[in-house]
Amino acid sequence: MGPVRQQAVLAALVLRSDVTVSQEQLLDRVWGQDPPSTGVRNMPGYVFRLRRCLQANGVDAKSVIVSDRSGYRFVGSGALLDTVRLNELAAEAGGARQSGDLAAAVGAYTRALALFDGEPLAGLPGPFAEGERRRLAERRVALLQDKLDAQVRLGRYDEVVDELPEWIEAYPHAEGLAALLVRARYGGGQQADALRVFPRLRDRLVEDLGVEPGAEMQSVHQAVLRGDDASLGLADRSQAAGAPPAPVPADRPRDELPVGIGELIGRERELALLAAPIAADAVTTAAVDGVAGAGKTALAVNAARTLRADCPDGCLFVDLHGHSGRRAPAVERVLRRLLRAVGVDDSGTPDDLDELAASWRAATASLRLVLVLDDAWSAEQVRPLLPAGAGSSVLVTSRRRLAGLDAERRVSLEPLHIEAAAALLNRIAGASRAGGEPGAVRALARLCGRLPLALCIAGARLQTRPAWTFEDLVARLADDEGRLGGLTAGDRSVEAAFRASYDQLPDADQRAFRVLGLSPTPELDRLTMAAMLDCPPRDADRSLERLVDASLVQQPAADRYRLHDLVAVFARRLAAEEPAEAGAMVTARVFRLYIAAGRIASEWGAASFPTGPEPGDAPFRGWEDASAWLDKAGDFADVVGHAAAIGQVGHACWIAEAVVDFLVRRGRIHESRAAVEIALSRVGDAADPRMAPSLYFCLGFAYGMQGRYDQARTWFSAALEGGRSAGDRRVEARARGGLVISGAASGRHGGVLDDLAAVIELAEELGDDWLVERATSGRGYILLLQGRPEEALDCFTRSRALGEAIGSPSMVGRALCSVGSILLQLGRPAEAAPALRQAVDLADQVADVTLRVGSLTRLAAAMQELGEPHTAIALFHQALAVISDQTAVRLELELRDRLGTCYLAMGRRADAQEQFEALRSLGAMTAADDDRIQRIPLTGKCVAAE
């Protein structure tokens, strides 16, 4: 593998497999405090040469060492690693030992130790290699001690006595090894030799280190002097060497719950559900699922600690390794281990799943157990392991939602609440340290996605970096580039946990997960997914549901899906590794879905959008479907910004143009302006020459609908000039109409009727029904101001007929509101009320906020004049509930004026005073505007009652 530095780079990647390591981290791990003057610039060269060496040995190097924007990642699934095999064998040995099968444990320990061939990472430079050498050496001695202890307990004393001297020579101060030698010599009948070990060790410790032997060594020496076999953990002398140990006595229930799992924070509700009293006449099964790192095992273990008080026959724990990356144990092997744990000799039971499961049920029929099955892969894996004893409790954890498992209790773990997440960081890093940075603590909790694993890793990093502040770590994790790499501590890694879940997905679901990293919004539905995958919505729905079952996707509501914050970072990283062309095709398809929905939902008409993608086979049956989808489709300023940021400027402009009308009618005017302004900032990069003048008009329209007529005229003027230059007669006509109507709304009435007639003639020529309706309604408003109400009514009647002809509820609603308002002004409230009530219903149907406020206000005024003040008050308050800071001020002024007057007529002076005070405040805010702006309706939408 080349020079030692190059080997050290490989070691730094391999021993953190499936975790992206940045170039800076590699530099620090290989060179430490003495980096080369070239810094990270040489790192790609090292990686290139490593890949070349691997390629020369028949390895697909680029699939093993993967590059991304954050650094390099060694793909663990692409290689057989001794460290992974070591972990598997150590776990196998520990499980066998825990179940009482010491002979099997010795075999697994022996195979694990055989993986060591001399000093680990011998000769490799750098602090990382040095730390790993020390860690692996300590691991080797620990495994050796566990193996020798099992041999002593089996009575295989001669083997231990023969093996230990060379190890004691290598580790002369290791008291654990010396204690094992004492036990083995004494067990083999060499009491005098056993007693010589202690003074020799004491001489070495005092001479070399100036310390006395510790408590363990002294206790073993004293036990030999007393002849205390039990304290020395020796095999029964009546048994032949190598005979199996006696079964666990029935009066000593096993407790296998793992240690080191502390008290939970922020899971009180879930713990109460799992630890609630269980049925005495049945086995109670509880299933806990959640994303990797959510704290499933900790929750199950804490619940088991509570439940064991009611289960006197034992508390068993089995790690099924469903997602750990290790080889999952066969169900038959797990059943044998469980049988031995309850004292049953399984040697006569054939290695048949049905036979073993039947033996397990028979053995547990009279027992009350707590059984924790951790990290299960499937319901099929779990079912044979369920005990039969009434009053027993089974707790199953999995990253998957085990829908096929019959469970009385289910918990799906979500991220912690922000307060609980901050409390967990405080507990790990120290409350005194965190107390001075409460804001940074909460920021770090949010960057960790409030996920317990990430929080524990972040807390551990702060523990081991006393010079760091919380703010320092926040800065390191602030962007996608450093987030996942920074959430790694030793063998714990958020990215590795996510990758283990991802690697076990079928290929189709892996692709579905990767494209989620390209979504322009945090939340999406099956239609968005179908667009990204280029598949039918039904197939997209199935993919999303499978990802929900795998706990890689959250489902906050029916047909709504989102990624956990950190999972989203992981998905974006995977998406970034795909070819750029493929990613561009995915995002283009989803942007086309937004464009289609906006254009279908807009009342401007399909002819208003002559360029850009056609709706084609868009999955919307009409404007109702499209509007319902847009209501849940996220923040459109973010969508437009995302499209512009990734270079799809044309799509950004088309989306902004398409959704303006929808957003304005929904009362989301700030959002509509923000989306258009973002698109305009990049419109020079768009290939469609129509976009600039059209977006100018969109911005003028949004300002005008908010009653900000000066700004509206500025943008309409720009649209007019741009439309003429581009030869776009439709934009030119609309800009002329906008200028005339906004001018009239500001009090410029001279020649308006002639101007509007010209606009109507041009709109009819162009087939622009929307502009015809707007100009006709504007003409009716001017006629009303000139004292010609009957002619005004005729204009609004034509607007209504046009709306009905083209099937536009919004147009019909606006016309009815205007008709009702004129009738109200003419003193005909009984005729006005039905028209206004219809307008309210249509406003509700299309969710038009401005139309709803205006129609409710005038309907309330009609009811007041008809002698129903209480009904009027209720209607006024319905309108008031819709008012926001985005509503045109003139509408709120009229509403509060009429409401205050109604209160005053009812003798409710205090309530009236409250409304008039609000009026005074609003008047002060709009003092710079012409007084008529406060009374005149916007672009003829609803005619004011003077």
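Just so you know, these numbers come straight off a predicted model, no measurement behind them.

Peer 1: Mind showing me how you'd approach the overall build of the protein chain here?
Peer 2: In terms of helices and strands, the protein chain carries 45 helices and twelve strands. Relative to the globule expectation of 30 Å for 946 residues, the C-alpha radius of gyration of the protein chain, 38 Å, shows a markedly less compact shape. With respect to the principal axes defined by its C-alpha atoms, the protein chain has extents near 125 × 70 × 55 Å. The proportion of buried residues among the 946 residues of the protein chain is 54%. Long-range contacts, defined as pairs at least 24 residues apart, comprise 68% of the intrachain contacts of the protein chain with a sequence gap of at least 6. For the protein chain, the exposed area adds up to about 39600 Å²; of that, 50% sits on carbon and sulfur atoms. Each charge sign in the protein chain was given a centre, from 109 positive and 128 negative side chains, and these centres are 2 Å apart.

Peer 1: Can you walk me through the sheet that holds strand E7 (residues 409-413) in this structure?
Peer 2: Strand-to-strand pairing in sheets goes through backbone hydrogen bonds, with the strands running parallel or antiparallel. With parallel pairing, five strands are arranged side by side in an open sheet as E4-E5-E6-E3-E7. Of all the strands in the sheet, the pair left with one neighbour each is strand E4 (315-319) and E7. Averaged over neighbouring strand pairs, the angle between their axes works out to 15° when direction is ignored. Note that strand E3 (residues 284-290) and E7 share five bridges and pair parallel.

Peer 1: What exactly am I supposed to notice about the side chain of Arg690 here?
Peer 2: Turning to its location among the elements, Arg690 is positioned in the loop between helix H33 (669-681) and helix H34 (691-705). Among residues more than four places away in sequence, those in contact with Arg690 are Arg599, Ser608, Phe609, Pro610, Thr611, Trp654, Glu657 and Asp728.

Peer 1: Even after reading the chapter, I still don't get the nonpolar core, so can you show me in this structure?
Peer 2: Buried together is how nonpolar side chains tend to be arranged in soluble globular proteins. Grouped together as the largest cluster of nonpolar side chains are 198 residues, with contacts concentrated most on Leu444, Phe498, Phe513, Leu516 and Met529. At eleven residues, helix H32 (residues 649-665) tops the list of elements feeding residues into this core. With residues near it in sequence (within four places) discarded, Leu444 still touches Leu425, Ala458, Leu462, Phe470, Leu473, Val474 and Leu477. Core analysis: the second largest hydrophobic core is formed by 42 residues, Leu148, Trp167, Leu181 and Val224 among them.

Peer 1: Quick question: what am I supposed to make of the packing of helix H41 (residues 829-846) against helix H42 (residues 849-865) here?
Peer 2: Geometry of a packed helix pair, given as the angle between the helix axes and the separation of the axes. One way to put it is that H41 packs onto H42 with a least axis distance of 8 Å and a crossing angle of 155°. By the angle between their axes, H41 is roughly antiparallel relative to H42. As for how H41 packs across H42, the hand of that crossing is left-handed. Residue-level contacts link Pro829, Ala833, Leu836, Arg837, Ala839, Val840, Ala843 and Asp844 of H41 to Leu851, Arg852, Ser855, Leu856, Arg858, Leu859, Ala862, Met863 and Glu865 of H42. In terms of residue class, the contact of H41 with H42 is made up of eleven nonpolar, one polar and five charged.

Peer 1: Would you explain the environment of Arg890 in this entry?
Peer 2: If you trace the backbone, Arg890 turns up in helix H44 (residues 889-905). The class of Arg890 is buried, set by a relative accessible area of 7%. Residues Arg890 and Gln706, 184 residues apart in the sequence, show an inter-C-alpha distance of 8.9 Å.

Peer 1: Help me out: how do you make sense of the domain arrangement of the protein chain in this one?
Peer 2: By convention, interface size is frequently given as the accessible area that disappears when the constituent parts associate. In terms of domains, the protein chain is made up of domain 1 (4-74), domain 2 (254-413), domain 3 (418-499), domain 4 (505-578), domain 5 (579-688) and domain 6 (840-935). Once you take the C-alpha centre of each, domain 2 and domain 4 turn out to be 31 Å apart. Interface area, domain 2 with domain 4, both sides summed: about 550 Å², of which 49% is carbon and sulfur. Sorting the residues of domain 2 by area buried against domain 4 places Val291, Arg400 and Arg401 first, and these three jointly supply 81% of that buried surface. Put simply, domain 2 and domain 4 have zero salt bridges between them.

Peer 1: Looking at this model, I keep getting lost on the confidence of the model for the protein chain. Mind explaining?
Peer 2: As a general rule, the predicted coordinates of low-pLDDT regions are not to be interpreted in detail. With 94% of its residues at a pLDDT of 70 or more, the protein chain shows a mean pLDDT of 87. Segment residues 238-251: pLDDT under 50, and twelve contacts once partners within four positions in sequence are set aside and those in other chains are kept. Residue range residues 927-946 is modelled with pLDDT below 50. Its contacts to residues more than four positions away, or to other chains, number 61 contacts.

Peer 1: What am I meant to see in empty space enclosed by the protein here?
Peer 2: A water-sized probe rolled over the atoms picks out the places where empty space is left. The final tally for this structure, using the stated rule, is six cavities of 30 Å³ or more. Looking at the second largest cavity, its volume works out to about 100 Å³. Looking at the lining of the second largest cavity, the elements that each hand over two or more residues are H34 and helix H36 (729-745). Of the residues contributing to the lining of the second largest cavity, the split by class is five nonpolar, two polar and five charged.

Peer 1: Honestly, helix H9 (residues 175-187) in this entry has me stumped. Any pointers?
Peer 2: Residues spaced three or four apart along an α-helix point in a common direction, a consequence of the helix completing one turn every 3.6 residues. Here H9 is 13 residues long and its end C-alpha atoms lie 18 Å apart, about the 18 Å a rise of 1.5 Å per residue gives. Within H9, twelve of the 13 residues are buried, leaving the element largely enclosed by the surrounding structure. Within the span of H9, buried status applies to Gly176, Leu177, Ala178, Ala179, Leu180, Leu181, Val182, Arg183, Ala184, Arg185, Tyr186 and Gly187. Residues of H9 that are buried in the fold lie against helix H7 (127-154), helix H8 (157-170), helix H10 (191-209), helix H11 (215-226) and helix H12 (229-232). In the segment just after H9, Gly189 is the residue with positive phi, at about 90°.

Peer 1: In this structure, what is going on with the environment of Ala675? I would like to understand it.
Peer 2: Position of Ala675 relative to the elements: it lies in helix H33. For the pair formed by Ala675 and Arg908, sequence separation is 233 residues and the distance between their alpha carbons is 44 Å. Those residues in contact with Ala675 that lie beyond four places of it in its chain are Phe636, Ala637, Val640 and Ala656.

Peer 1: Just to check I follow, could you spell out the sheet that holds strand E12 (residues 560-562) for this structure?
Peer 2: Reading across from one edge, E10-E12-E11 is the order of the three strands in this open sheet, with antiparallel pairing throughout. Here the strands that pair on one side only, and so sit at the sheet edges, are strand E10 (523-524) and strand E11 (554-557). Sheet analysis places E11 next to E12, joined by two bridges and oriented antiparallel. Counterpart to Ala557 in the pairing with E12 is Arg560.

Peer 1: Where do I start with unusual backbone geometry in this structure?
Peer 2: Unlike most non-glycine residues, Arg450 shows phi in positive territory, near 55°. Mapped onto the secondary structure, Arg450 falls in the loop between helix H20 (438-447) and helix H21 (452-464). The partly exposed category is assigned to Arg450, whose relative accessible area is 28%.

Peer 1: Sorry, what's going on with the side chain of Gln6 here?
Peer 2: Residue placement: Gln6 occurs in helix H1 (residues 4-14). Judged by its relative accessible area of 3%, Gln6 falls in the buried class. A distance of 3.3 Å separates polar atoms of two side chains, one belonging to Gln6 and the other to Arg49.

Peer 1: When you look at the pattern of salt bridges in this model, what are you seeing that I'm missing?
Peer 2: Proximity of charged atoms lets side chains of opposite charge pair with each other. Counting across every chain of the model gives 58 salt bridges. With its nearest N and O atoms 3.4 Å apart, the salt bridge here joins Arg724 to Glu732. The exposure class assigned to Glu732 is buried, which follows from its relative accessible area of 19%. Each of the salt bridges in this network shares a partner with another, and the network as a whole consists of Arg73, Glu495, Arg499, Arg573 and Glu577.

Peer 1: It is not clear to me how helix H30 (residues 623-631) should be interpreted in this structure. Could you clarify?
Peer 2: What H30 keeps buried is the set Ala626, Ser627, Trp629 and Leu630. For H30, the buried positions fall inside an angular range of 160° around the axis, keeping them on one side.

Peer 1: Is there a simple way to explain the packing of aromatic side chains in this structure?
Peer 2: Describing an aromatic ring pair means giving the distance of the ring centres and the angle of the ring planes. Applying the stated criterion to the full structure yields 18 aromatic pairs. Between Tyr502 and Phe513, the aromatic rings sit 5.8 Å apart at their centres with planes inclined by 50°, giving tilted as the arrangement. Placement of Tyr502 in helix H24 (residues 494-503) and of Phe513 in helix H25 (residues 507-516) is noted, with a sequence separation of eleven residues between them. There is no split in this pair, since Tyr502 and Phe513 are both buried. Here the aromatic rings of Trp604 and Phe701 are separated by 5.6 Å at their centres, their planes lie at 80°, and the arrangement is edge-to-face.

Peer 1: Before we go on, may I ask you to explain the packing of helix H38 (residues 769-785) against helix H40 (residues 809-825) in this structure?
Peer 2: Where H38 meets H40, the closest approach of the two axes is 11 Å, and the angle between their N-to-C directions is 5°. For the element pair H38 / H40, the angle class is roughly parallel. Contacts from Asp769, Trp770, Glu773, Arg774 and Leu784 in H38 reach Met811, Arg814, Ile822 and Gln825 in H40. When the residues that make up the contact of H38 with H40 are grouped by side-chain class, the tally is four nonpolar, one polar and four charged.

Peer 1: Got a minute to help me understand the environment of Leu80 in this structure?
Peer 2: Examined against the element boundaries, Leu80 turns out to sit in the loop between strand E2 (71-74) and helix H5 (82-98). Judged by its relative accessible area of 88%, Leu80 is exposed.

Here is what the cut-offs are and how they apply
- Residues numbered from 1 in each chain as written.
- Predicted model: local features only at pLDDT ≥ 70, side-chain atom pairs only at ≥ 80, totals over all residues.
- Heavy atoms only, no water.
- Helix = DSSP H or I, 4+ residues; strand = E, 2+ residues; numbered from the N terminus.
- Rg over C-alpha atoms; globule rule 2.2 N^0.38 Å.
- Buried < 20%, exposed > 50% of the residue type's maximum accessible area, 1.4 Å probe, protein only.
- Contact = heavy atoms within 4.5 Å.
- Areas by Shrake-Rupley, 256 points an atom, 1.4 Å probe, with all protein chains shown as cover.
- Lys, Arg positive; Asp, Glu negative; His and termini not counted.
- Charge placed at Lys NZ, Arg CZ, Asp CG, Glu CD.
- Pairing = 2+ DSSP bridges.
- Axes fitted to C-alpha atoms, helices over the stretch in contact; angles between N-to-C directions.
- Core = buried A, V, L, I, M, F, W, Y, C linked by side-chain atoms within 4.5 Å.
- Parallel < 35°, antiparallel > 145°, perpendicular 65-115°, else oblique.
- Left-handed = near helix turned anticlockwise from the far one by under 90°.
- Nonpolar A, V, L, I, M, F, W, Y, C, P; charged D, E, K, R; others polar.
- Domains from an automatic or database assignment.
- Buried area = accessible area lost by both parts, 1.4 Å probe.
- Salt bridge = Lys/Arg side-chain N within 4 Å of Asp/Glu carboxyl O.
- pLDDT = per-residue confidence, 0-100.
- 1 Å grid on protein atoms, 1.4 Å probe; cavity = no way out; pocket = protein on both sides within 12 Å on 5 of 7 lines; lining within 4 Å.
- Points joined across faces, edges and corners; volume = space filled by probe spheres on them.
- Expected span 1.5 Å × (residues − 1).
- Polar contact = N/O pair within 3.5 Å; in protein donor to acceptor, adjacent residues only side chain to side chain.
- Arc of directions from axis to C-beta.
- Phe/Tyr/Trp six-rings, centres within 6.5 Å; stacked < 30°, edge-to-face > 60°.

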